[in-house]
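A structural walkthrough
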Amino acid sequence: MVTRGAMFERRKLLTTIGTGMAVGLAGCTGGDTASGGATYTSDPEAIFGNPVRATPTDESEWVDPDVLNFAYVPTEDPQALEDAFQPIIDRLADATGKEIEYFGGQTYASLVEAMRSGRLHVGGFGAAATVFAVNLAGAQPFCASADLEDESIGYFSMTITPTGSGITEPEDLIGETVGHADPGSTSGNLLPRAAWTRQLGIEPDADYTVEYTGGHAQSVLAVHNGDLIAAHVSSGSGRRSMLEYGIEEEGIGVNYGSEENIENFDIIWKSQEIPSSAFATWYRLHPDLQTTIRETMIDYEFEGVMREYFGPNFYKQIDYVADYQLPRDILAFEGVEFTEDALADL
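Residues numbered from 1 in each chain as written. Predicted model: local features only at pLDDT ≥ 70, side-chain atom pairs only at ≥ 80, totals over all residues. Heavy atoms only, no water.

Turning to a negative patch on the surface, a few remarks are in order. A cluster of acidic side chains, namely E149, D150, E151, E273, D299 and E301, defines a negative patch on the protein surface. Along the chain, D299 falls in the loop between α9 (287-297) and α10 (304-310). For D299, a relative accessible area of 55% translates into the label exposed. (Patch = residues over 30% accessible without salt bridge, like charges linked within 9 Å, V, L, I, M, F, W, Y side chains within 5 Å. Areas by Shrake-Rupley, 256 points an atom, 1.4 Å probe, with all protein chains shown as cover. Salt bridge = Lys/Arg side-chain N within 4 Å of Asp/Glu carboxyl O. Lys, Arg positive; Asp, Glu negative; His and termini not counted. Charge placed at Lys NZ, Arg CZ, Asp CG, Glu CD. Helix = DSSP H or I, 4+ residues; strand = E, 2+ residues; numbered from the N terminus. Buried < 20%, exposed > 50% of the residue type's maximum accessible area, 1.4 Å probe, protein only.)

This part takes up the pattern of salt bridges. Under the counting rule described, the total for this entry stands at three salt bridges. Across the pair K98 and D64 runs a salt bridge, and its minimum N-O distance is 2.9 Å. Note that K98 is positioned in the loop between α2 (86-96) and β2 (99-102) and D64 in the segment before β1 (67-71), a separation of 34 residues in sequence. Residue class for D64 comes out partly exposed when judged on its relative accessible area of 46%.

Sheet faces and side chains relate simply in a regular strand, where the side chains alternate between the two faces. Within strand β6 (residues 157-162), six of the six residues are buried, which leaves the element mostly enclosed by the surrounding structure. Alternating positions in β6 separate into two faces, S157, T159 and T161 on one and M158, I160 and P162 on the other, with burial throughout. Taken together, the four bridges between β6 and strand β9 (residues 230-234) define a ladder with antiparallel strand orientation. Pairing of M158 across the sheet is with V233, part of β9. Bridge analysis of β6 against strand β12 (residues 265-270) gives five bridges, and the strand direction is antiparallel. (Pairing = 2+ DSSP bridges.)

Further remarks concern α9. Along α9, the positions that sit buried rather than exposed are L289, Q290, I293, T296 and M297. Take α9 and look down its axis: the buried residues cluster within an arc of 135°, on one side only. Along α9, exposed side chains directed more than 90 degrees from the buried face belong to D288 and E295. One or two steps after α9, the chain reaches D299, where phi turns positive at roughly 75°. (Arc of directions from axis to C-beta.)

Moving on to the pairing of strand β14 (residues 278-282). With five of its five residues buried, β14 lies for the most part within the structure. The two faces of β14 match: A278, A280 and W282 on one face and F279 and T281 on the other face are all buried. Two elements, strand β4 (residues 139-147) and β14, share five bridges in a ladder whose sense is antiparallel. By the bridge assignment, A144 is partnered in β14 with A278.

The next point concerns the nonpolar core. Counting residues in each nonpolar core, the largest one holds 62 residues, and the members touching the most others are F70, F85, F279, M297 and Y315. Sort the elements by how many residues they give to this core and helix α4 (residues 127-137) lands first, with nine residues. Those residues in contact with F85 that sit more than four places away from it in its chain are F70, Y72, Y102, F279, M306, F310 and Y315. With 17 residues, the next largest nonpolar core counts Y155, L190, W269 and I274 among its residues. (Core = buried A, V, L, I, M, F, W, Y, C linked by side-chain atoms within 4.5 Å. Contact = heavy atoms within 4.5 Å.)

The structure is reproduced here in structure tokens:
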């Protein structure tokens, strides 16, 4: 029986295009890839891809909608996620005086495209999807979920196996079948691909067979059920599933949050820290409205159902250039170049 953890969304996935897809050419020197006439807020040659686009100085280009569309990364259970965000949605409605509608995008591409077209005003994107949104959609990242205790916005990719499997190091997986979350997951796909190839000399698809499971919870369950000997999962939603889907004699554990359940899995590899999903405003929103949104969200400590769902976190102000270097490096390693055509393959 699948427990409540199955509905936990992949809230910290770092999303981008899948390995091996064809992408078009785009420069890394700050060319305007989404619409004409924009300026940039930082040195175009300082980072991979385009820097964050500045809000237009021409007031005629500003947008002040009656309804603000708000969205977060796609999830297995959009309604549960929408319910979890209700405290911050209510807070934004009170601060802005506007109606807030939750935009339930079905894919990462749909969220980037919605902001690119001006239909999404406040969006939460996985870290690599944040890079796409900056380059293609005029996203201005400003905050990310952080731990209240250590203020870290990071998490990790890790490789899990069942305890007692005999798999103790990455080299043991050569010739095996390993679970990857999905092509659009960096913690469950892209980061392991880049890190294992560069650092360990183990190339997925060549040195072991990749099986896409559809998500972190599914990967944990596949390892639990014995369908897979190992899987790459996130230390956020993946570890949460490990806590909740502990192995018991009767089947899947239902003791939510039990550290004992973690003992049923071994972690044989862990990545460097990855920045979590970033919230961004659309660059053409009225500057006063953007300021209100940012002031409302930054330093907000999760409460009520939001705290229950996500944990004791708060929204911390971020710096796109400084905090999101790793996802840009991964995309550079993958040879990604940003075009609107690439959105279809997100």
